[in-house]
Amino acid sequence: MTTETLKYQRKELELKALLEITQAINENKTESVLLNIFKFTCLVHLNIKALVLYVANQDGFQERVKHGVKQNIPKLIPYKDVDDNREIGKLNLVMPREYSFNELDIYVPVYHKDKMLAILLLKTKDVDRELDLDFTQALTNILVVALENKRFARRQLEQERLKKEVEIASNVQRMLFPDKLPVTDKLKAKVTYYPHSTVGGDYYDLIQKSDDEVFFCIADVSGKGMPAALLMSNFQAALRTLLLSSSDLSMIAKQLNVTIFDNTKGERFITFFLGYYNYKTNCLKYVNAGHNAPLLCGGNVGECELLEAGTTILGAFKELPFIEEGRRDGVKDFSIHMYTDGLTEAINKNEEEFGEERLFDFVKKEGNIEPKKFHEMLFNSWDKFSEGVERRDDTTMLSIQFH
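Parameters at a glance
Residues numbered from 1 in each chain as written. Predicted model: local features only at pLDDT ≥ 70, side-chain atom pairs only at ≥ 80, totals over all residues. Heavy atoms only, no water. 1 Å grid on protein atoms, 1.4 Å probe; cavity = no way out; pocket = protein on both sides within 12 Å on 5 of 7 lines; lining within 4 Å. Points joined across faces, edges and corners; volume = space filled by probe spheres on them. Helix = DSSP H or I, 4+ residues; strand = E, 2+ residues; numbered from the N terminus. Nonpolar A, V, L, I, M, F, W, Y, C, P; charged D, E, K, R; others polar. Disulfide = S-S within 2.5 Å. Core = buried A, V, L, I, M, F, W, Y, C linked by side-chain atoms within 4.5 Å. Buried < 20%, exposed > 50% of the residue type's maximum accessible area, 1.4 Å probe, protein only. Contact = heavy atoms within 4.5 Å. Phe/Tyr/Trp six-rings, centres within 6.5 Å; stacked < 30°, edge-to-face > 60°. Polar contact = N/O pair within 3.5 Å; in protein donor to acceptor, adjacent residues only side chain to side chain. Pairing = 2+ DSSP bridges. Axes fitted to C-alpha atoms, helices over the stretch in contact; angles between N-to-C directions. Parallel < 35°, antiparallel > 145°, perpendicular 65-115°, else oblique. Left-handed = near helix turned anticlockwise from the far one by under 90°. Salt bridge = Lys/Arg side-chain N within 4 Å of Asp/Glu carboxyl O.

### Focus on the layout of surface pockets
Moving on, step 1. Approximately 170 Å³ is the volume attributed to the second largest pocket.
Moving on, step 2. Looking at the second largest pocket, the residues that line it are Leu-91, Leu-93, Ser-100, Phe-101, Asn-102, Leu-104, Asp-105, Ile-106, Tyr-107 and Leu-121.
Moving on, step 3. Counting only elements with at least two residues in the lining of the second largest pocket, the list comes to β5 (90-93) and β6 (106-112).
Moving on, step 4. Residues of the lining of the second largest pocket, tallied by class, amount to seven nonpolar, two polar and one charged.

As structure tokens, then:
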């Protein structure tokens with residue numbers, strides 16, 4: 001057989017191999033199928049006896065194909081242990097003594113621009129028969145680019161899935177909040193809500209059970225995203241169901257704690273404040289479950305007062321270790337300001353927090369004016385303090401003025 005005939009046969013085999021792997025890529029075959037085709041092509045068509053292919057991932061070069069290698073070789077080679085001198089064509093791999101590549105005498109690097117995507121180490125069957133390194137490198141490059149494209153497509157799908165999840169969570173969360181807060185001669189309410197991301201972990205509500213009875217609450221769930229939104233949705237449903245049948249705040253807090261603990265097994269918790277006011281009796285009752293203490297202003301309470309009585313956070317324990325119901329009798333013409341910790345933990349360019357003291361001083365001075373005006377003044381002061389520094393958490397304030 002002449003040299004020309006051998007060259008022709010080799011080119012024919014290479015073309016067949018190239019056609020086979022590109023066809024598999026076009027048919028969107030799985031990674032394992034592509035890797036098997038590549039291995040088969042190398043062993044049958046390309047004078048290769050043994051090989052190992054490492055492909056780059058986030059941690060280093062991971063073994064993806066291995067055949068005919070008897071020595072102990074690593075499954076992963078960290079990036080820091082790979083030194084490829086492209087000028088002299090020499091690869092240096094730093095690794096523990098138990099590993100060795102001595103039986104593999106040829107290496108084929110795969111690059112995209114200046115980034116190494118893969119390393120092919122191999123040994124030929126017949127030392128007298130020439131190996132077409134250019135074709136081997138081209139074939140490896142085609143495979144690795146296909147694997148990279150698949151990885152990119154997976155990442156795109158994951159991002160689309162996460163985007164959809166966030167969109168659903170955001171819609172779920174929007175449905176939790178009241179459509180409209182009352183602004184009447186009897187009751188004026190105003191909320192300011194700044195979610196840190198598309199889906200926040202804060203919740204507020206105002207439920208007018210009758211002409212004389214009003215429930216109001218604020219809560220902050222641990223965590224963010226879809227799990228937090230679903231937990232808060234479940235929490236709101238349980239709360240509204242309980243409020244239909246009872247005005248016993250202690251019982252409601254205990255039952256909510258059981259619901260949250262059963263759903264999360266103590267892995268998530270909610271800080272929560274629940275208040276109740278009766279216009280006939282002029283009685284204010286409340287339970288604070290580990291939440292930032294709301295401020296009560298006006299009426300006959302004198303200076304602003306913190307509403308702290310209650311219990312610990314909900315969902316951390318199977319049973320609440322203690323509970324105390326706060327009560328104020330004979331209160332009229334007063335305001336309550338509830339907020340989440342994103343308000344007081346906002347920082348300025350000097351890393352100073354807005355803080356509770358600054359908030360309390362403002363509320364003591366302006367706390368019983370109309371809620372809309374109060375929010376305008378407070379958040380104008382808050383924005384000036386923050387100096388445009390990005391918020392670190394969800395921020396919610398719910399203010400209610402009773403007449």
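### Focus: the state of the cysteines
Moving on, step 1. The final tally for this structure, using the stated rule, is one disulfide.
Moving on, step 2. There is a disulfide in this structure between Cys-297 and Cys-304, and the S-S distance comes to 2.5 Å. Residues Cys-297 and Cys-304 are joined by a disulfide whose S-S torsion is about 110°; by sign, that bridge is right-handed.

### What about the nonpolar core?
Across soluble globular proteins, nonpolar side chains show a tendency to be buried alongside one another.
Moving on, step 1. Of all hydrophobic cores here, the largest spans 53 residues; its most connected members are Phe-216, Phe-235 and Phe-272.
Moving on, step 2. Broken down by element, this core gets its largest block of residues, eight residues, from helix α4 (residues 225-245).
Moving on, step 3. Among all residues touching Phe-235, those that are not within four sequence positions of it are Tyr-203, Ala-219, Leu-256, Ile-260, Ile-270, Phe-272 and Leu-314.

### Focus: the packing of aromatic side chains
Moving on, step 1. As enumerated under the stated definition, the model contains 19 aromatic pairs in all.
Moving on, step 2. Considering the side-chain rings of Tyr-54 and Phe-101, the 6.1 Å spacing of their centres and the 80° angle between planes classify their relative orientation as edge-to-face. One end of the pair, Tyr-54, is in strand β1 (residues 48-56); the other, Phe-101, is in the loop between β5 and β6, with 47 residues separating them in the sequence.
Moving on, step 3. Judged by its relative accessible area of 0%, Tyr-54 is buried.
Moving on, step 4. Centre to centre, the rings of Phe-334 and Phe-402 are 4.7 Å apart; their planes meet at 20°, and the pair counts as stacked. Residue Phe-334 is found in strand β17 (residues 334-339), and its partner Phe-402 is found in strand β18 (residues 395-402); the two are separated by 68 residues along the sequence.

### Quick look at the environment of Asp-205
Moving on, step 1. Examined against the element boundaries, Asp-205 turns out to sit in strand β9 (residues 202-208).
Moving on, step 2. When the C-alpha positions of Asp-205 and Ala-219 are compared, they lie 9.0 Å apart, and in sequence the two are 14 residues distant.
Moving on, step 3. Setting aside residues up to four positions removed in sequence, Asp-205 forms contacts with Leu-176, Pro-178, Phe-215, Phe-216, Cys-217, Gln-236, Arg-240 and Leu-398.
Moving on, step 4. Within the structure, Asp-205 has its side chain in polar contact with the side chain of Tyr-203 (distance 2.5 Å).

### Side note on the pairing of β9
Moving on, step 1. With six of seven residues buried, β9 lies mostly within the body of the structure.
Moving on, step 2. Summarising the sheet, β9 and strand β10 (residues 213-221) pair through seven bridges and their orientation is antiparallel. Paired with Tyr-204 across the two strands is Ile-218, which belongs to β10.

### Remarks on the packing of helix α7 (residues 355-366) against helix α8 (residues 371-386)
Moving on, step 1. Running from N to C, α7 and α8 point in directions that differ by 150°, and their axes come no closer than 11 Å. Viewed along their axes, α7 and α8 adopt a mutual orientation that is roughly antiparallel. Along this stretch, α7 crosses α8, giving a crossing that reads as right-handed. For the pair α7 and α8, contact is made by Arg-358, Leu-359, Phe-362, Val-363 and Glu-366 and by Phe-374, Met-377, Leu-378 and Phe-385, respectively.
Moving on, step 2. Per-class residue counts for the contact of α7 with α8 are seven nonpolar, no polar and two charged.

### Points about the pattern of salt bridges
Moving on, step 1. If you walk through the whole model with that rule in mind, you get 13 salt bridges.
Moving on, step 2. Across the pair Asp-105 and Lys-123 runs a salt bridge whose closest N-O atoms are separated by 3.9 Å. One end of the pair, Asp-105, is in the loop between β5 and β6; the other, Lys-123, is in strand β7 (residues 115-124), with 18 residues separating them in the sequence.
Moving on, step 3. A relative accessible area of 29% places Lys-123 in the partly exposed class.

### Points about the sheet that holds β18
Moving on, step 1. Reading across from one edge, β8-β18-β17-β13-β14 is the order of the five strands in this open sheet, with antiparallel pairing throughout. The open sheet has two edge strands with one neighbour each: β8 (187-194) and β14 (305-306).
Moving on, step 2. Direction of pairing for β8 relative to β18: antiparallel, over a ladder of eight bridges. Across the sheet, Lys-188 pairs through a bridge with Gln-401, a residue of β18.

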